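# Reading the structure
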Amino acid sequence: MAKRDYYEVLEVDKSADESAIKKAYRKKAIKFHPDKNPGNKEAEEKFKEAAEAYEILSNPEKKARYDRYGHAGVDPNAGFGGAGGAGMTMDDIFSHFGDIFGGGGGDPFSSFFGGGGGGRSRTRGERGKNLRIKVSLTLEEIATGVKKKVKVKKHNTCSTCNGSGAKDANSISTCSTCGGRGAVNQIRSTMFGQMQTTVTCPTCNGRGEVVTNKCGSCRGEGVVFSEETIELDIPAGVSEGMQITFRGKGSAGRFGGPNGDLLVVVAEKEHDDFDRDGQSLIYDLYLNFADLALGASVEVPTLEGRVKIKIPEGTQAGKIFRLKGKGLPEVQAYGKGDLLVHVNVWTPKKLSAEERKMLETMRESDNFNPNPETKSKGFLGRMKDIFN
């Protein structure tokens, strides 16, 4: 089934600002909250759909990709973290977006539904921290996309207790303070009378359970610090400074909480042959005067191997030849940039007596005196002419 447009899901215009998007999501979340629609699978799906739309449209980077490429621009299979709502549990949604209601711990929606959300107030422990690393890529890797294995030191789920923090199953019991809900009700007096609010249970910190005998490996934390090798699927067309989010690849959460994300910042390695301008590559070709005057067939490098190009007779230094499709692809888009071959004349630094005599004779000829038909536009001007 095709995904609905995220703006349609939240019923906002593309011009909607952050505040409007937040307000629209809050309205949808209240309407379709599972505690307000018990047993209603359709409402639950709409609740998740709204969370997915909000995750994308509330993030400026993801929103920009979505506006440009649609759902393909935030596809998790491309390595960008993608639309997390589609694969999130209810606890994930509450953990990620509960703060838009200004709630404290536990279930931030509980104040709307009287705190009777059954087990929904229980949290899954603490979410793990996001990590940021830098990965260096060659232009060849950027051109095709690449799988990179990186070693990351971070908190990982304890293999002894599987993240529970307990020595064994008998070492976990239901919290007696909250009765397993993970939240407790508080009544306080105000100028308007007594008001009831729901807050995170101070005894179990929202877990609904307490550990009576801690795991010896992680000391009850549920995580241990260690090195992990992670395979990253980097899409083609990325550029210097671009940040890619790999959901769930960050530090593991304490007490069975969800993992944080791994944020990968792209660094381009300098190339021996090419400079990059967006999706285009620029190559400086140096030829001697004879080749420019007489014409020649020369080889130039590309990211896919060497190719031959024809230099017409009388080619001027500064001429730019465009090799279409020999540049870099755009991320999550069809088509590729071009390779721009910039012609330069190579001037010898030392001359033999015979070579000097030949050039002196040529210099006296009227045919060798500069006589440009039009004013030189410079390199950037010539580049503009190519694409017009």
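Here's a quick rundown of the structure. Everything quoted here is computed from the prediction, not taken from an experiment.

## Observations concerning the overall build of the protein chain
The helix and strand tally for the protein chain stands at 9 helices and 15 strands. Here the protein chain holds 388 residues, and 41% of them are scored as buried. Considering only contacts within the protein chain whose residues lie at least 6 apart along the sequence, 66% involve residues at least 24 apart. Of the accessible surface of the protein chain, which amounts to about 22,500 Å², a share of 48% is contributed by carbon and sulfur atoms.

## Things to note about the pairing of strand S15 (residues 339-345)
Counting buried positions over the 7 residues of S15 gives 6, a clear majority of the element. Where strand S14 (residues 320-323) meets S15, 4 bridges bridge the pair, whose relative direction is antiparallel. In the strand pairing of S15, Phe 321 is matched with Val 341.

## Regarding the packing of helix H3 (residues 41-57) against helix H4 (residues 60-69)
Any two packed helices are characterised by the angle at which their axes cross and by the distance between the axes. Across the interface, H3 lies against H4 with an axial gap of 6 Å and an inter-helix angle of 100 degrees. Viewed along their axes, H3 and H4 adopt a mutual orientation that is roughly perpendicular. In this structure, H3 contributes Glu 55, Ile 56 and Leu 57 to the contact, and H4 contributes Lys 62, Lys 63 and Tyr 66. Taken together, the residues that form the contact of H3 with H4 break down as 3 nonpolar, no polar and 3 charged.

## Notes on the pattern of salt bridges
Taken as a whole, this structure holds 21 salt bridges when the rule is applied. Here Lys 62 ties to Glu 55 by a salt bridge, and the two come within 3.1 Å at their closest N and O atoms. Residue class for Glu 55 comes out buried when judged on its relative accessible area of 6%. Put simply, Arg 247 and Glu 55 hold a salt bridge, and the shortest N to O gap is 2.0 Å. On the criterion of sequence distance, the pair formed by Arg 247 in the loop between strand S8 (243-246) and strand S9 (262-268) and Glu 55 in helix H3 is long-range, its members being 192 residues apart. The class of Arg 247 is partly exposed, set by a relative accessible area of 28%.

## Digging into the layout of surface pockets
Empty pockets left among the atoms are what a rolling probe the size of a water molecule brings to light. The calculated volume of the largest pocket comes to roughly 1,100 Å³. Taken together, 26 residues form the lining of the largest pocket, with Phe 289, Ala 293, Val 345, Met 362 and Phe 368 sitting closest to its centre. For the lining of the largest pocket, the secondary structure elements donating two or more residues are helix H7 (289-294) and helix H8 (353-363). In terms of residues, the lining of the largest pocket owes the most to one element, H8, which gives 7 residues.

## Overview of unusual backbone geometry
Not every positive phi belongs to a glycine, and Asn 162 is a case in point at roughly 60 degrees. Look at Asn 162 and you get exposed, because its relative accessible area is 64%. Phi at Arg 219 is positive, roughly 55 degrees, even though this residue is not glycine. Along the chain, Arg 219 falls in the loop between strand S6 (209-211) and strand S7 (223-234). Judged by relative accessible area, Arg 219 falls into the exposed class, the value being 67%.

## Things to note about the sheet that holds strand S11 (residues 280-287)
Strand order in this open sheet of 4 strands is S10-S11-S15-S14, and the pairing throughout is mixed. In this open sheet, the two edge strands, each paired with only one partner strand, are strand S10 (274-277) and S14. Strand-to-strand, the axes of this sheet are offset by a mean angle of 30 degrees, without reference to chain direction. Two elements, S10 and S11, share 4 bridges in a ladder whose sense is antiparallel. Note that in S11 the partner of Arg 276 across the bridge is Leu 281.

## Things to note about helix H2 (residues 18-32)
Between its first and last C-alpha, H2 extends 21 Å over 15 residues, near the 21 Å set by a 1.5 Å rise per residue. Turning to H2, its buried residues number three or more, namely Ile 21, Ala 24, Tyr 25, Lys 28, Ala 29, Ile 30 and Phe 32.

## What about the sheet that holds strand S1 (residues 131-137)?
Read across the open sheet, the 3 strands follow the order S1-S9-S8; overall the sheet is mixed. Bordering the open sheet on either side are S1 and S8, each of which pairs with just one other strand. With strand direction ignored, the average angle separating the axes of adjacent strands in the sheet is 30 degrees. Here S1 pairs with S9 via 7 bridges, running parallel. Counted as the bridge partner of Leu 131 is Leu 262 from S9.

Parameters at a glance
- Residues numbered from 1 in each chain as written.
- Predicted model: local features only at pLDDT ≥ 70, side-chain atom pairs only at ≥ 80, totals over all residues.
- Heavy atoms only, no water.
- Helix = DSSP H or I, 4+ residues; strand = E, 2+ residues; numbered from the N terminus.
- Buried < 20%, exposed > 50% of the residue type's maximum accessible area, 1.4 Å probe, protein only.
- Contact = heavy atoms within 4.5 Å.
- Areas by Shrake-Rupley, 256 points an atom, 1.4 Å probe, with all protein chains shown as cover.
- Pairing = 2+ DSSP bridges.
- Axes fitted to C-alpha atoms, helices over the stretch in contact; angles between N-to-C directions.
- Parallel < 35°, antiparallel > 145°, perpendicular 65-115°, else oblique.
- Nonpolar A, V, L, I, M, F, W, Y, C, P; charged D, E, K, R; others polar.
- Salt bridge = Lys/Arg side-chain N within 4 Å of Asp/Glu carboxyl O.
- 1 Å grid on protein atoms, 1.4 Å probe; cavity = no way out; pocket = protein on both sides within 12 Å on 5 of 7 lines; lining within 4 Å.
- Points joined across faces, edges and corners; volume = space filled by probe spheres on them.
- Expected span 1.5 Å × (residues − 1).

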